[in-house]
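# A structural walkthrough
So you can see what is in the structure, the chains are spelled out below.
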Amino acid sequence: MKNDIFFRKLQSSFFFLVMLVLSLMVFLPLICILYYVISRGIKAINLDFFTQIPSHVGDSGGGVLNAIMGSFYMVFLSIIIAVPWGLSAGIFLYDAPDDSRFAYLLRLSVDIIQSIPSIVIGIVAYVWFVMPMQKFSALSGSFALAIMMLPMIVRSTEETLRLIPKTLKEASLALGVPHYTTLFKIMIPSGVSGILTGGALSIGRVVGETAPLIFTAFGSPYLVHNILKPMDALPLLIYNCAMSPYESWHTLAWGASLILIFFTLCINLLIKIIVKKWEVVL
Amino acid sequence: MSNKILDIKNLNAFYQNHQILHDVTLNFFSNKATAIMGPSGCGKTTFIRCINRMHELDPKAKVTGEIILHNQNTLDMDSILVRRKIGMVFQRANPFPTMSIYDNVLAGYKLNGIKKSRDEKDEIVQDSLEKAGLWHEVKDFLHRKGTLLSGGQQQRLCIARSLAMKTEILLLDEPTSALDPYATANIEELIEELKKDVTIIIVTHNMSQAARVTDYTAFLYEGKLIEFGETEKLFTVPKHKMTEEYLAGRFG
Amino acid sequence: MLGEKTLKIFVFISAASVLLLLFVFASTLLWKSLPSIRVFGYKFLTGTTWDPISESFSALPFLVGTLVTSFLALLISFPFSLAIGVVLGEYFNTGVWSYFFRSLIELLAGIPSVVYGFWGLSFLVPRVRDLQVKFGVMPYGVGIFTSALVLAIMIIPFSALMLREMIYLVPKKYKEAALALGATRFEMIWKVALPYARSGIFAGFMLALGRAMGETMAVTMVIGNSNDFPRSIFSPGNTMSSLVANEFAEVSDNFYLSTIIQVALLLFLVTIFINIISKYITRKLSVRSSL
Ligand SMILES: Nc1ncnc2c1ncn2[C@@H]1O[C@H](COP(=O)(O)OP(=O)(O)O)[C@@H](O)[C@H]1O
Ligand SMILES: [Mg+2]
């Protein structure tokens, strides 16, 4: 009997040890990736990296300004498309009665859209924009990214609104404020931290996306400011440079990876700040 | 008797198939305070929510009968206009968390898109806060968030928010049930003052509160109006046996 | 600000247009694949070759490629995800270390897939090649196994964090009841917590599987992009997504485009299927726990 207890305790400790070791093993790839990105990327990073466009094949140096600007333009544009759209669809879901079939279908659609592989979104954006316009454009890329952002914004809006006490809505209605005005002027501002967090998360989701941009924004070695023209983006540049045989372009790709990861980290930090600073005390 | 302001005839309220109020008929008199009393779940909240058309917010709810304000049946009016005339204060204070004290008082104007000059706004804010007995406590930090105030202060801020809309009638749903005795006393004193400007309908659980601050009392039981009359009479010589039992604390 | 009517219309249009978006999206895929569907019919799923020159197209090699890579990735990631879920959900579920650990896992989730692909290409491929030399198989380096390895790393954060949630949410009363009966911590986890959370755990892995199936860039970069039917897990191949990403640039005519879009349609249907199952399970669970 005593032995039995001893054995079971040993087994329990052993289990804990195995679990701990296995879980700590995920740090190996993380450290390895970060080591690669940082040690190689840091070599690319200098003033030129942020102010120049990529140099010609074979020449060393050059920068990724075109991709940084392109990512900025496209993400910005996709926010402009997806946020008002997703926000109001989220309001609709919050507002719909529990037994609404329309709301049920909408929730299902949002789930489905969220699970569409990004490459498929890229294909459809190609069919919708690139084929009729007969050219690649940043606009088509932004639209693809906007579709990817949409579900997250809809969901976070709905969930955030549900957490706000109903009494707030009633207080506004009791002042004779119409229904939708109440939703937009009282409920949305009260949930601003949750909604912004959802927005930031969705930016984090799309900023590193390559697949939807390959056949839409396509990429461009030049600094482009016209959204109807092909445009580069950081993940696209990483892909194109990484698949090229040139060592100098590989260096650029590592550098771009480094700033992309840095940017993702900044977004995570931003989310934590938003939650702290913008939290509306109810 | 003073003049009627609100005349309620055969009010029935439903939620889905369930009838909550049965044929309630009574009057409210201007510049008087009326208590709505009765055991929990008897329909007090539903009753006052019918008066400012909040009950029908839920699509499953229905109201029939007449609620006549200035010769007009409010049930036929635009619910939004009714709500601007009849203010409401809730069980739990609910100042808008995104707004300052100043903006909370003006919320009805801001949210309804009614423009006012700076001077007019200042005047409304000061006037409403004075009437709500809050001015001296908050006049030096009007631009702080309303949610930073104490519970009693928040409740008075909500009263000021309703008063700012120049409402004629103020509905209060157990306004002191979440407050400490000191803040409760403050609100009770305030009600006495408020009667100069508005008609008060207050739901309360607290019999001594009803006795202290109201002129009339309505006693509801299971959605039916059992007895209505001057508070003093109703408390001293109740006509109905059920009222007597309730007042004696035998149920509720 | 906008008037009440405008807001109402805007809200309604936004909601309706999301439905419309999905409808038009699916219709576009179907419509654009019609030429290919008409020609191949069900043979699109039974043949074994994909040859643009002779215009004989079958998506089977890529369907197999997708299934093999993603299930292999799931298999590889399973013990690690489970371990993280148990450690974070049971042993260190609060506190600084837990927060730190979770932040690092979120960091892993935040690395863009193209960076995973680039790292796979630079770090994993040469090492897999060395291994292959040792074992005497064709030393491609790239291939299905390498892709599965990269995918496994990429999906760990998703299944692990979901598992953590599920294990953490097992009601305390069950955990304590087990401990009070004299169970060791291991017995409590193994015989009470994990069985209780099993459908949540299953949903977590389904979610990760859906991710793996739709993943494109990292796979495209390390799978070798061969359109032949894969002979072993070490041979190069293509998944549905990597085929689309890779071949699209070489589209020469509308019919070829249509076959590629049909692959995209297939991918769309498979991932939706997986995701809906996992969402359905999780939603059922949340209903149960709220009762
Ligand atoms: N929106 C609603 N949903 C469900 N039940 C309701 C609703 N409104 C009122 N009721 C029902 O009406 C009855 C009266 O409730 P209420 O007016 O809140 O009583 P009181 O305020 O006197 O405690 C209760 O039985 C309650 O369940
Ligand atoms: Mg009540």
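Read on for a plain summary of the structure. Please read all numbers here as calculations on a predicted model, not as lab measurements.

### Quick look at the packing of helix H4 (residues 65–95) of chain A against helix H9 (residues 179–190) of chain A
All names here are of chain A. With their axes 12 Å apart at the nearest point, H4 and H9 run at an angle of 110° to one another. Classed by the angle they form, the pair H4 and H9 counts as roughly perpendicular. Considering the relative orientation of H4 and H9, their crossing is right-handed. Seen from H4, the contacting residues are Leu 87, Ser 88, Ile 91, Tyr 94 and Asp 95; seen from H9, they are His 179, Tyr 180, Leu 183, Phe 184, Met 187 and Ile 188. The class makeup of the residues in the contact of H4 with H9 is 8 nonpolar, 2 polar and 1 charged.

### Comments concerning the interface of chain A and chain B
Each partner contributes to the interface: chain A provides 19 residues, whereas chain B provides 25 residues. Here chain A packs against chain B, burying approximately 1,800 Å² in sum over the two surfaces, 69% of which is carbon and sulfur. Its largest share of buried area at the contact with chain B, chain A owes to Glu170(A), Ala174(A) and Leu175(A), together 32% of the area lost on that side. Here chain A is connected to chain B by 1 salt bridge. Taking the shortest distance from any N to any O, the salt bridge between Glu170(A) and Arg49(B) comes out at 2.8 Å. The interface formed by chain A and chain B contains 5 residue pairs in polar contact (both at pLDDT 80 or more). Of all elements in the fold, only helix H8 (166–174) and H9 of chain A reach the threshold of two or more residues within the side of chain A that touches chain B.

### Re the site of ligand 1
Residues and elements named next belong to chain B. Near ligand 1 the following residues occur: Tyr 15, Ile 20, Ser 40, Gly 41, Cys 42, Gly 43, Lys 44, Thr 45 and Thr 46. Measuring from an oxygen atom of ligand 1, one finds a backbone N or O atom of Gly 43 at 3.1 Å. Side-chain polar atom of Thr 46 to an oxygen atom of ligand 1: 2.5 Å apart, as the coordinates give it. Computed on the free molecule, ligand 1 has an accessible area of 560 Å², of which 61% lies beneath the protein chains in the complex.

### Some remarks on the layout of surface pockets
Of the volumes computed, that of the second largest pocket is approximately 1,200 Å³. Around the second largest pocket, the lining is made up of 40 residues, and of these Lys169(A), His179(A), Leu57(B), Asp58(B) and Pro59(B) lie nearest the centre. Listed by contribution, the elements that provide at least two residues to the lining of the second largest pocket are H4, helix H7 (138–163), H8 and H9 of chain A, helix H1 (44–51) and helix H2 (79–85) of chain B together with helix H1 (4–40) of chain C. Among the elements that line the lining of the second largest pocket, the one with the most residues is H1(C), at 5 residues. Residue composition of the lining of the second largest pocket, grouped by class: 19 nonpolar, 4 polar and 17 charged.

Conventions we followed
- The residue count restarts for each chain, going from 1 along the sequence in the order it is written.
- The lettering of chains begins at A and the numbering of ligands begins at 1, in the order of writing.
- Since the coordinates come from a predicted model, pLDDT governs what is reported: local features require at least 70, and pairs of side-chain atoms require 80 or more to be given and counted, while whole-chain, interface and lining totals use all residues.
- Note that water and hydrogens are dropped before the side-chain values are worked out from all heavy atoms of the structure.
- Each axis is a line fitted through C-alpha atoms, taken for helices only over the stretch in contact, and angles between the N-to-C directions span 0 to 180 degrees.
- Helix and strand definitions follow DSSP, with helices as H or I runs of at least four residues and strands as E runs of at least two, each counted in order from the N terminus.
- Here roughly perpendicular refers to angles of 65 to 115 degrees, roughly parallel to angles under 35, roughly antiparallel to angles over 145, and oblique to all remaining angles.
- Each crossing gets its hand from how the near helix is turned against the far one by less than a right angle, where anticlockwise is left-handed and clockwise is right-handed.
- When checking whether two residues touch, look at their non-hydrogen atoms; a contact exists if any pair is within 4.5 Å.
- Side-chain classes are defined by residue name, with Ala, Val, Leu, Ile, Met, Phe, Trp, Tyr, Cys and Pro counting as nonpolar, Asp, Glu, Lys and Arg as charged, and the others, Gly among them, as polar.
- Here's the idea: put two parts together, see how much 1.4 Å probe accessible area each one loses, and the total over both is what we call buried area.
- For this analysis, a salt bridge means a side-chain nitrogen from Lys or Arg found within 4 Å of a carboxyl oxygen belonging to Asp or Glu.
- Distance and chemistry together define a polar contact, namely a pair of N or O atoms within 3.5 Å, with one atom able to donate a hydrogen and the other to accept it when in protein, and with adjacent residues in sequence counting only for side-chain atoms on both sides.
- Any residue with a non-hydrogen atom lying within 4 Å of a molecule or strand is treated as near it.
- Note on areas: Shrake-Rupley with a 1.4 Å probe; residue coverage comes only from the protein chains shown.
- Detection works on a 1 Å grid of protein atoms alone, calling trapped sets that fit a 1.4 Å probe cavities and calling open sets with protein on both sides within 12 Å along at least five of seven lines pockets, with lining residues defined by an atom within 4 Å of a point.
- Grid points are joined across faces, edges and corners, and a volume is the space filled by probe spheres set on the points.

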